[in-house]
Amino acid sequence: MRRKRHKRTLTEVAKDLEILPLMNLFVVLIPMLLLSAVFLEMSVVRMSPPAESAEGPDDPGDKLMLAVTITPKHYVVEGIDIGTTRVKRDDVGGTEQLRSTLEQISMEHPENKNVMILSEPETKYETIVQVMDITREAGAPRVSLLGTDGIAKERIR
Amino acid sequence: MKRGRERLNQLFKRDGKLRITSMMDILTVLLLFLLKSFVAEGEVITPARGVELPESTSPDLPEASLVVAISKGSLLLGDEMIGKSAELEKEAGLSIAPLADGLRRNLEKSRAIARMRGEELDEEGLITVQGDREISFRLLQKVMFTCQQNGYGNISLAVIRN
């Protein structure tokens, strides 16, 4: 009797390992991990070296001197002969207003490709990148980053 | 006894075939993923640790180059720690001295390598600035100024594609 029982338990243990459910788990987990990894796609905002923009800060195409100043509460859009437009940042449609203002200016002055973005020292990098996106999409891909305290000009793009 | 043996034999009777269909699933998915990432030009640069890049719709692809990582806590050039962001930001003046030194050293190295190979070095060195989204413009301005003053005027700002 004892022997028989012993044999039975022995044979039970020697059964095949059930790895199929484990494989199923991996097949579900791995695609999920892979998908989440793809979401972080890196790109860059290129800025051409100063040597390329040989025209200097006052190049001939820059008659408009379009400038967007980022203050804590407003975006101020100014230029030569186009007046000053203040867009409240806190408004729900703040960025949309800025975009449409810039698009309108682009339509009126299609040859202008330059814009200066003036930021205060405490302005967040994220905000500046957002404004750069808006200006690029509104038709002014050449950007200069400047500080409102006038310490130095960074000529870019 | 005979029955016992028969049972034994039956249990072990399964043929020696390995069931690999599940493994094939995994391998297929992995393969598809790798193909996809190669087609999309893959990741040439990995984002630095501790840096949360801002989002942007910029279409330009990153290129391999020297990396300046500005995290909330510290400033790094490649693998070298330059200093703490908060301190460097407060300093007067636009140039960050330790960063300038590091850049100059790197420039010398690149020049030496180019000379050995007999190649021409680009006019303006390419550098990628990976800045955390919360950093102030003042710090960014200082870093960009220092780069431009020390031979790395071709600056690319790293962002996450929106």
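Residues numbered from 1 in each chain as written. Chains lettered and ligands numbered in written order. Predicted model: local features only at pLDDT ≥ 70, side-chain atom pairs only at ≥ 80, totals over all residues. Heavy atoms only, no water.

### Focus on the overall build of chain B
Definition in use: For helices the rule is a DSSP run of H or I covering at least 4 residues; for strands it is a run of E covering at least 2, with both sets numbered from the N terminus onward. Each residue is assigned to one of three classes by its accessible area relative to the maximum for its type, calculated with a 1.4 Å probe on protein chains only: buried under 20%, partly exposed between the two thresholds, exposed over 50%. Throughout, a residue-residue contact means that at least one pair of heavy atoms, one from each residue, lies within 4.5 Å. Values of accessible area rely on a 1.4 Å probe in the Shrake-Rupley scheme; residue burial ignores everything except the protein chains shown.
Secondary structure assignment for chain B yields five helices and six strands. The order of helices and strands in chain B, counted from the N terminus, is α-α-β-β-β-β-α-α-β-α-β. Put simply, chain B has 162 residues, and 39% of those count as buried. Within chain B, residue pairs in contact and separated by at least 24 positions form 69% of the contacts whose partners lie at least 6 positions apart. Here chain B has roughly 10300 Å² of accessible surface; of this, 55% comes from carbon and sulfur atoms.

### Section: the pattern of salt bridges
Put simply, the rule reads: Salt bridge, as used here: a side-chain nitrogen of Lys or Arg that lies within 4 Å of a carboxyl oxygen of Asp or Glu.
Tallying each qualifying case throughout the model produces twelve salt bridges over all chains. The salt bridge partner of B:E134 is A:K124, with a shortest N-O separation of 3.5 Å. Here A:K124 lies in the loop between β5 (114-119) and α4 (125-137) and B:E134 lies in the loop between β5 (126-131) and α5 (137-149), a pairing that spans two chains. When salt bridges that share partners are traced, they join A:E126, B:E52, B:E55 and B:R133 into one network.

### Focus on the packing of helix α3 (residues 94-108) of chain A against α4(A)
Residue and element names in this part refer to chain A. Selection criterion: Note on definitions: angles span 0 to 180 degrees between N-to-C directions of axes, and those axes are lines fitted to C-alpha atoms, for helices only across the stretch in contact. Each crossing gets its hand from how the near helix is turned against the far one by less than a right angle, where anticlockwise is left-handed and clockwise is right-handed. Classes in brief: Ala, Val, Leu, Ile, Met, Phe, Trp, Tyr, Cys and Pro nonpolar; Asp, Glu, Lys and Arg charged; the others, Gly included, polar.
The N-to-C vectors of α3 and α4 enclose an angle of 35°; their axes lie 9 Å apart at closest approach. Of the two possible hands of crossing, α3 and α4 adopt the one that is right-handed. Facing T95, L98, R99 and L102 of α3, the residues of α4 in contact are I134, T135 and E137. Taken together, the residues that form the contact of α3 with α4 break down as three nonpolar, two polar and two charged.

### Things to note about the confidence of the model for chain B
Atomic detail in the predicted coordinates should be set aside for any region of low pLDDT. All names here are of chain B. Definition in use: On a scale of 0 to 100, pLDDT captures the predictor's confidence in every residue.
Averaged over all residues, the pLDDT of chain B is 82; the fraction at 70 or higher stands at 84%. Predicted confidence in chain B is weakest over helix α1 (residues 2-11), with a mean pLDDT of 64, and strongest over β5, with 92. The complex model carries a pTM of 0.70, and its ipTM stands at 0.72.

### Some points on the environment of B:S156
Residues and elements named next belong to chain B. Residue placement: S156 occurs in strand β6 (residues 154-161). For S156, a relative accessible area of 4% corresponds to the buried category. Sequence separation between S156 and V129 is 27 residues; the distance between their C-alpha atoms is 6.0 Å.

### Considering the confidence of the model for chain A
Residues and elements named next belong to chain A. When pLDDT is averaged along chain A, the result is 74, and 67% of the positions lie at 70 or above. Of all helices and strands in chain A, the one with the weakest mean pLDDT is strand β7 (residues 153-154) (48), whereas α4 scores best (91). Every residue in residues 49-56 is under pLDDT 50, and counting partners more than four places away or in other chains gives ten contacts. In this model, residues 151-157 is a region of pLDDT below 50 whose contacts with residues beyond four sequence positions or in other chains number 40 contacts.

### Thoughts on a nonpolar patch on the surface
Residue and element names in this part refer to chain B. For clarity, the cut-off: For patch building, the residue pool is restricted to those with more than 30% relative accessible area and no salt bridge; the joining distance is 9 Å between like charges and 5 Å between nonpolar side chains (Val, Leu, Ile, Met, Phe, Trp, Tyr).
Where nonpolar side chains cluster on the molecular surface, the patch consists of L18, I20, M23, M24, L27 and L30 and spans about 560 Å² of accessible area. Relative to the assigned elements, M24 resides in helix α2 (residues 21-39). Residue M24 is classed as partly exposed on the basis of its relative accessible area, which comes to 45%.

### Digging into the nonpolar core
Soluble globular proteins tend to pack their nonpolar side chains together in the buried interior. Quick note on the threshold: Buried Ala, Val, Leu, Ile, Met, Phe, Trp, Tyr and Cys residues that are joined via side-chain atoms within 4.5 Å together make up what is termed a nonpolar core.
In this structure, B:L75 and B:L140 are the most contacted members of the largest nonpolar core, which totals 48 residues. Apart from the residues lying within four places of it in its own chain, the contact partners of B:L140 are A:Y125, A:L145, B:V129, B:I135 and B:L157.

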